[in-house]
Amino acid sequence: KSDVILVPEATDFITYARRHNISLSDLAQGAVLIDSGKIPVSEGYSFRRVTYLDTETGARSYSYKRFLVSTGEYMPYIFKPFEQVSTAVKQLSKSRRFLSGPASPLPTIKNVRSAALSCNEVFSPELYRDASLAGAEVFLNIASHSWYDHSFSVYLQTQRAGRIRAAESQKPLVVANNRAPAYAI
């Protein structure tokens, strides 16, 4: 039996399960399910929110993606003029309208203070340092490399950054990814 189930970034499995009448308590058997999805804010902008769902008690807590990558989560202003002449750039800009979310308190998962960060946040030593100083005992990273065409070099780069984060903080790091191997450091 698992204590924690990590779902890769942007899977939004909790919403999918609700829409399709899938019982998460039966499926996860009391584990804490960590998932993320898009939360609309206003005027076409969204947050990427991480949900911690205790499938035994139904308790939920949340954190938000804070470190955003250009063209992955937002389009740099330099692309604005191209939106007028290119339908492709205009469509891409509409799908890349994420905002950096607020800082959130760390949840305790099965008596362990945990910090789930998303994908490219592994490149932010400040986010990991802040979580460590707030009492995180383990780091969880939910990733999606689909925007990078499932590049093996992106996987290696994020894995190497993860090793650095784990060494800096002297804390374990567990990673779930949609198109690359899951691993623990």
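Scroll up a little and you will see the structure.
Residues numbered from 1 in each chain as written. Predicted model: local features only at pLDDT ≥ 70, side-chain atom pairs only at ≥ 80, totals over all residues. Heavy atoms only, no water.

Enquirer: Before we move on, could you go through the overall build of the chain and cite the residues and values that matter?
Expert: Within the chain one finds six helices and nine strands. On C-alpha atoms alone, the chain measures out to a radius of gyration of 17 Å, which is about the 16 Å that the 2.2 N^0.38 rule sets for 185 residues. With respect to the principal axes defined by its C-alpha atoms, the chain has extents near 55 × 40 × 30 Å. Per-residue burial over the chain gives 43% buried out of 185 residues. In the chain, the share of contacts with a sequence separation of at least 24, taken over all contacts with a separation of at least 6, comes to 62%. Accessible surface, the chain as shown: approximately 10,300 Å² in total, 52% of it carbon and sulfur. Across the chain, 22 positive and 16 negative side-chain charges occur, with their mean positions spaced 4 Å apart. (Helix = DSSP H or I, 4+ residues; strand = E, 2+ residues; numbered from the N terminus. Rg over C-alpha atoms; globule rule 2.2 N^0.38 Å. Buried < 20%, exposed > 50% of the residue type's maximum accessible area, 1.4 Å probe, protein only. Contact = heavy atoms within 4.5 Å. Areas by Shrake-Rupley, 256 points an atom, 1.4 Å probe, with all protein chains shown as cover. Lys, Arg positive; Asp, Glu negative; His and termini not counted. Charge placed at Lys NZ, Arg CZ, Asp CG, Glu CD.)

Enquirer: Help me get a handle on a nonpolar patch on the surface, residues and values and all.
Expert: Judged by side-chain polarity, Tyr 16, Ile 22 and Leu 27 come together as a nonpolar surface patch covering roughly 280 Å² of accessible area. Along the chain, Tyr 16 turns up in helix H1 (residues 13-19). Under the relative-accessibility criterion, Tyr 16 is labelled partly exposed at 41%. (Patch = residues over 30% accessible without salt bridge, like charges linked within 9 Å, V, L, I, M, F, W, Y side chains within 5 Å. Salt bridge = Lys/Arg side-chain N within 4 Å of Asp/Glu carboxyl O.)

Enquirer: Please give an account of the pairing of strand E2 (residues 32-42) that cites residues and values.
Expert: The sheet contact formed by strand E1 (residues 4-6) and E2 spans three bridges and is parallel. Within the sheet, the bridge partner assigned to Ile 5 lies in E2 and is Leu 33. In this structure, the hairpin formed by E2 and strand E3 (residues 45-54) is closed by a connection of two residues, where Glu 43 is found at a positive phi of approximately 50°. (Pairing = 2+ DSSP bridges.)

Enquirer: Tell me about the nonpolar core, and name the residues and values.
Expert: Ala 115, Leu 117, Tyr 128, Ala 131, Ala 136, Phe 139 and Leu 173 are the most contacted members of the largest nonpolar core, which has 16 residues in total. Counting only elements with at least two residues in this core, the list comes to strand E6 (112-118), helix H5 (125-133), helix H6 (152-169) and strand E8 (173-177). Within the second largest apolar cluster, eleven residues are counted, among which are Leu 6, Tyr 52, Ala 116 and Ile 142. (Core = buried A, V, L, I, M, F, W, Y, C linked by side-chain atoms within 4.5 Å.)

Note that all results are geometric; they support no functional claim without further evidence.
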